[in-house]
Amino acid sequence: MELKNMDLEERMRSYHVTGLSITLLENSQISGTRNEGLLEAKSNRKVNKNSIFNACSISKFLTGMLAIKLVEEGILHLDRDVNKSLVSWKVQENDFTKNKKVTLRNLLSHQSGITDPEDSFFELEPQTGIPSMVSLLKGETPYCKAPIRVTCEPESEFHYSDAGYCIIQQLIEDAMAKPFHQIMNEQVFEPLEMKNSYLDTAKMKLDSENFSCGHNKNGELTDRKYPIYPYPAASGLWTSSFDLAKLVIELMHALKGESKIGISENIAKEIITPQNGKSWAGLGVFLEMSGKELEITSLGWGVGFQCMMVAYPYSGKGVVMMTNAELGVHQMEGIIGEIYKSLFS
């Protein structure tokens, strides 16, 4: 698998993409990497295999993998009312929850009946600091000014929701009695040797040589060089394309009963199974039949960054693409889409 008839450096110049990291997968293993450009415009910091980008909403794929692992261990339950396990905060009961309760399954698949309040879940404002997840869910922070609540019956509609993943984070923290980033380190990052992956935004050394700065569609640095989203489970991951590829491989291996972190074949299949009749909605990932083969994707898009993970879990092919440029168009309409088409069309 290779980039066919594509001058990557020329396409980066055309799109004003400052830095790009690609990791390719074949036969459920890493088959190559391609790293081009700079981590910061007008610097001499070159992108390499260990370069760390803001993964934005690809964090949801990571969170899904952790949640499924904890389901496997009996710590969490896919189809039980989450209020039975939540301690620090509860989903408020209302008319929409009379017949169906909010479950982890429908939180992971964006079908919990929860919608994000308007103008919520933006990047960190240094003067306001990192909010506690409970205060955020209560609507007590600038990042989410309205309490999170169920606005339609669970499983009746699909609404992409950062708030739903904030609830998952609180559920995991309440169940494990530890901070989310620590649980992820112990349960996923360390066993998979994801050494360039970070969720603890308070302690990240963002000015270290491996961290990428964000850039706009003109290739200029964003107002804040390192835009942070203080919602780890929903969009807080900083990682390398190489590390993220290891997570994709772990899912592929789990589907063959060869998981390193203890996810069984049966529970792994839940991740890539359409949920509640929504053909595109898996658990933490999106699904599509590409020809006769299942394709799973996860996309990240935020201030200064765009990225995408694509995998064909049964044939073992895939790619992770990370850029430090926010082009203002969907990934498939920019350089990421060109790379995807070069590899898979």
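Nothing here was measured: the structure is a model prediction, and the numbers come from that model.

A. How the structure looks around the overall build of the protein. In terms of regular secondary structure, the protein is built from ten helices and eight strands. Relative to its length of 345 residues, the protein is compact, with a C-alpha radius of gyration of 19 Å against a globular reference of 20 Å. Sorting the 345 residues of the protein into buried and exposed places 58% on the buried side. A sequence separation of at least 24 residues applies to 68% of the contacts in the protein between residues at least 6 apart. Looking at the protein as shown, the accessible area adds up to about 14200 Å², and 46% of this sits on carbon and sulfur atoms. Looking at charge distribution, the protein has the averaged site of its 35 positive side-chain charges lying 2 Å from that of its 44 negative ones.

B. Inspection of the packing of aromatic side chains at higher detail. Under the defined criterion, the tally for this structure stands at eleven aromatic pairs. Through pairs of rings, three or more aromatic residues link up here, namely Phe121, Phe122, Tyr143 and Tyr231. One residue, Lys49, lies across the ring of Phe242, its end atom 4.5 Å from the ring centre. One Lys or Arg, Lys317, reaches over the ring of Tyr312 and ends 5.2 Å from the middle of that ring.

C. Layout of helix α1 (residues 8–15). Considered for burial, the residues of α1 that qualify are Leu8, Arg11, Met12 and Tyr15. Taken down its axis, α1 places every buried residue within 105° of arc, on the same side. Buried positions along α1 lie against β1 (19–26), β2 (29–37) and α10 (335–344). Once α1 ends, the next one or two residues include His16, with phi positive near 60°.

D. Broad picture of unusual backbone geometry. Backbone geometry places Asn27, a non-glycine residue, at a positive phi of 55°. In this structure, Asn27 sits in the loop between β1 and β2. A positive phi angle, near 60°, is found at His110, a position not held by glycine. Of note, His110 is situated in the loop between α3 (104–108) and α4 (133–137).

E. Quick look at the pairing of strand β7 (residues 305–312). Burial within β7 is extensive, with eight of its eight residues counted as buried. Every second residue of β7 is oriented toward a common face, with Phe305, Cys307, Met309 and Ala311 on one face and Gln306, Met308, Val310 and Tyr312 on the other, all of them buried. Where strand β6 (residues 293–302) meets β7, seven bridges bridge the pair, whose relative direction is antiparallel. Across the sheet, Ser298 pairs through a bridge with Met309, a residue of β7. Between the end of β6 and the start of β7, which pair antiparallel, lie two residues, with Gly304 showing a positive phi angle near 85°. Sheet analysis places β7 next to strand β8 (residues 317–323), joined by seven bridges and oriented antiparallel.

What counts and how
Residues numbered from 1 in each chain as written. Predicted model: local features only at pLDDT ≥ 70, side-chain atom pairs only at ≥ 80, totals over all residues. Heavy atoms only, no water. Helix = DSSP H or I, 4+ residues; strand = E, 2+ residues; numbered from the N terminus. Rg over C-alpha atoms; globule rule 2.2 N^0.38 Å. Buried < 20%, exposed > 50% of the residue type's maximum accessible area, 1.4 Å probe, protein only. Contact = heavy atoms within 4.5 Å. Areas by Shrake-Rupley, 256 points an atom, 1.4 Å probe, with all protein chains shown as cover. Lys, Arg positive; Asp, Glu negative; His and termini not counted. Charge placed at Lys NZ, Arg CZ, Asp CG, Glu CD. Phe/Tyr/Trp six-rings, centres within 6.5 Å; stacked < 30°, edge-to-face > 60°. Lys NZ or Arg CZ within 6 Å of the ring centre and 35° of its normal. Arc of directions from axis to C-beta. Pairing = 2+ DSSP bridges.

Keep in mind that these numbers describe shape and distance, not what the molecule does.
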